[in-house]
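As a plain string of letters, each chain reads:
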Amino acid sequence: MTNNPWLSQVATVESVTQEIDSVATYQLRLDDPRAAQRYRFQPGQFNMLYLPSCGEAAISHSGPPSHDGNRFLHTIRFVGRVTDSIAKLQAGDQIGVRGPFGSAWPMRQCVGQDVVIVTGGLGLAPLRPAIYHLLQGRVDYRRVILLYGARSPGLLLYRREMESWQQSGLEVHLTVDRADIDWDGAVGIVPLLLDRLEGLRPDQTQVLTCGPEVMMHYAALAAVRLGVPKSAIWLSVERNMQCAFGMCGHCQLGPVFVCRDGPVFRYDQVHQLLKVRDL
Amino acid sequence: MPAKDPTRCHVNATELPVIDHSPTPAQWFLPRQSLQTLLDQLQRLGYEVVGPRIDQAAIVYDQIESVDELPAGWTDLQSPGQYRLQPRADDALFGYVVGPHSWKKYLFPPLVNLMRSTKTTDGWQMQDEPQEPRRYALLGVRACELAAIAIQDRVFLSERYTDPLYQQRRHALLIIAVNCTQAASTCFCTSMQSGPRCTSGFDLALTELPTGFVVEIGSPGGQAVADDLPLRPATEQERESSSLARKTAFDQITRQLDTTNIRDKLMTRLEHPRWADVASRCLSCANCTLVCPTCFCHSVDDVTDLTSDEVIRQRHWDSCFNMDFSYANGGAVRDNVRSRYRQWLTHKLASWIDQFGSSGCVGCGRCITWCPVGIDLTEEVAAICSEPST
């Protein structure tokens, strides 16, 4: 029976890249060659990663959405029962995979537009596939800007890639809450970077944001202040997810199932819901 | 479909209705002593028959083989937080309404194995957990319960994802409905347009009379079962009696829930003070979600042997009233009773409409009866909606 949406497929960890403290990126490949060949995902989508006797965790794709899905990347922070166990995996170990699930970043709407990516902490990971996609077809977009913040310089993700991204046409603006002795960049919260952006054409801009809900809230407010329509702001919402296809009920946010209707939402579709405490 | 050409006759000779000059009654009569024949026949056809029987002083749904196991001569008295069985003056077999069980436990079982991981020398093998096909015949399904099954169909058999176990059991299902001939004080199916009359979604529908059952046939499957029953056309008097019996149920329903614009009314009152008020009474015990015939929320856990080499992934009923239900990022999104009660009520009556195109409530009243502190959702909705939006 292949129509069981709960059935995981076995994948093998091909490599582990330590990123920052308690965060690593796993390159995975489905063991079944035919399934590996067929595997595709869109930037913004996620997989359910499973370790037997431990459980499942919803983890966003963080690698390039290549046409050959044979290999894919997940950047994972070790914060719970499942991810703490994933932390113990090494190259050659196996893991269960279900997916991909969920909605995607609006790559088509970005064509011909300025694209501003606003993100904090680990929120850059679900946006990295979008960055790869934008830079790969760089001529299709106007300005592509990354506004990225972390608590401290040591917690900025993917710093080793930033230079090559800049060379490929990405404007990068970084900020930290607490600077260290070597930091000569901005200090302060991410939405402030948005306030300081110059030369943006707000009516021809798409804003993609992912990070703590409070950060996305202020990023969206800043974008709206700049004149960006609510319908051109996109955010990725996180909730408890178990089935990943809108059946178990855990991830509900008012009328939406975050796993199935999201995780990527248009701001105007969810901003009223996100305002309600404990919804 | 191609547009009809008025110049051509589209009626195929084989499709012409057969004109039968003998009266063809849509209603039949099954003598009471022949109900066992129906049970025997269902068993012969390979069905597991489940129906009402008494267990622990309540009428529950369980496997039955004999008519003698039905709660003959018993009825239920229900009110908020109260359920009592008491003897009837007659020996009616279906003279009560709905109890703590619903049929969802057969289509969406409380505990199911979803997949199995086995550690071998070649690594993990992850496989479907084979499900034994089940053919259930449900006896005594009420109108509100037919509506509940239709609602769960939309949850588990959506266009994008289907639950294989639900699908197998649902497609093999035979439904013998029973029209209510009385109502409890907690019933409000008339408000939810789900009863008390069984109008569709059944294979056979019975209305109980002292001498037997007026039978309606609702599907080819029901017809096939009926063909082998000792049925005779119902007399005019039997039809009238059955109609009167059904009207009694209708007349006894007093509880109401105003569904006019209910989705918007509730979703614009998410900060209404009544939520805190009901939270001060609600125990967050999850009884309402367990007895609800449409609540579908569930969780998945791993069960493993001592060596952890054989791991089963198990699905079990869960409830939005449990604290862990919304756990994400190191804490529960809904960490207080107010937000959990609000989630349950607004999901059931409002956001369900966005998600599945209908209300999630069928007006069966179980959540009112089985609430240990007698919270009545119709009362809460009235209090929340009577005031201007907040």
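About the criteria used
- Residues numbered from 1 in each chain as written.
- Chains lettered and ligands numbered in written order.
- Predicted model: local features only at pLDDT ≥ 70, side-chain atom pairs only at ≥ 80, totals over all residues.
- Helix = DSSP H or I, 4+ residues; strand = E, 2+ residues; numbered from the N terminus.
- Buried ≥ 20, exposed ≤ 12 C-beta atoms within 10 Å, placed from the backbone.
- Pairing = 2+ DSSP bridges.
- Domains from an automatic or database assignment.
- Contact = placed C-beta atoms within 7 Å.
- Nonpolar A, V, L, I, M, F, W, Y, C, P; charged D, E, K, R; others polar.

## Quick word on unusual backbone geometry
A cis geometry characterises the amide bond from G99(A) onward to P100(A), with omega recorded as 0°. Between G262(A) and the following residue, P263(A), the backbone shows a cis peptide bond with an omega angle of 10°. Counting through the fold element by element, P263(A) comes out in the loop between α7 (258–261) and β15 (264–266). Of note in this structure, S22(A) is not a glycine but carries a positive phi near 65°. Relative to the elements of secondary structure, S22(A) occurs in the loop between β1 (9–18) and β2 (23–30). In the Ramachandran plot, Q193(B) falls in the positive-phi region, its phi being about 55° despite a non-glycine side chain.

## Remarks on the environment of G199(A)
All names here are of chain A. Here G199 is to be found in the loop between α5 (190–196) and β11 (205–210). Under the C-beta neighbour-count criterion, G199 is labelled exposed, with 6 such atoms within 10 Å. Sequence separation of G199 and R143 is 56 residues, and the distance between their C-alpha atoms is 9.9 Å.

## Some points on the sheet that holds strand β12 (residues 232–233) of chain B
Overall, mixed pairing links the 8 strands, which are arranged β3-β2-β8-β9-β10-β11-β1-β12 (chain B) in an open sheet. Each having just a single partner strand, β3 (58–63) and β12 of chain B make up the two edges of the open sheet.

## Focus on the domain arrangement of chain B
All names here are of chain B. Assigned domains of chain B: these are domain 1 (26–110 + 126–252) and domain 2 (262–295 + 322–386). On the side of domain 2, 23 residues touch domain 1, which itself brings 26 residues to the contact. The set of elements that each furnish at least two residues to the side of domain 1 that touches domain 2 consists of β5 (82–87) and α3 (143–156). Sort the elements by how many residues they give to the side of domain 1 that touches domain 2 and α3 lands first, with 8 residues. Looking at the side of domain 1 that touches domain 2, its residues break down into 15 nonpolar, 8 polar and 3 charged.

## Concerning the environment of P5(A)
With respect to the element layout, P5(A) can be found in the segment before β1. Taking the C-alpha atoms as reference points, P5(A) and L147(A), 142 residues apart in sequence, are found 37 Å from one another. In contact with P5(A), other than residues within four places in its own chain, are F245(A) and Y161(B).

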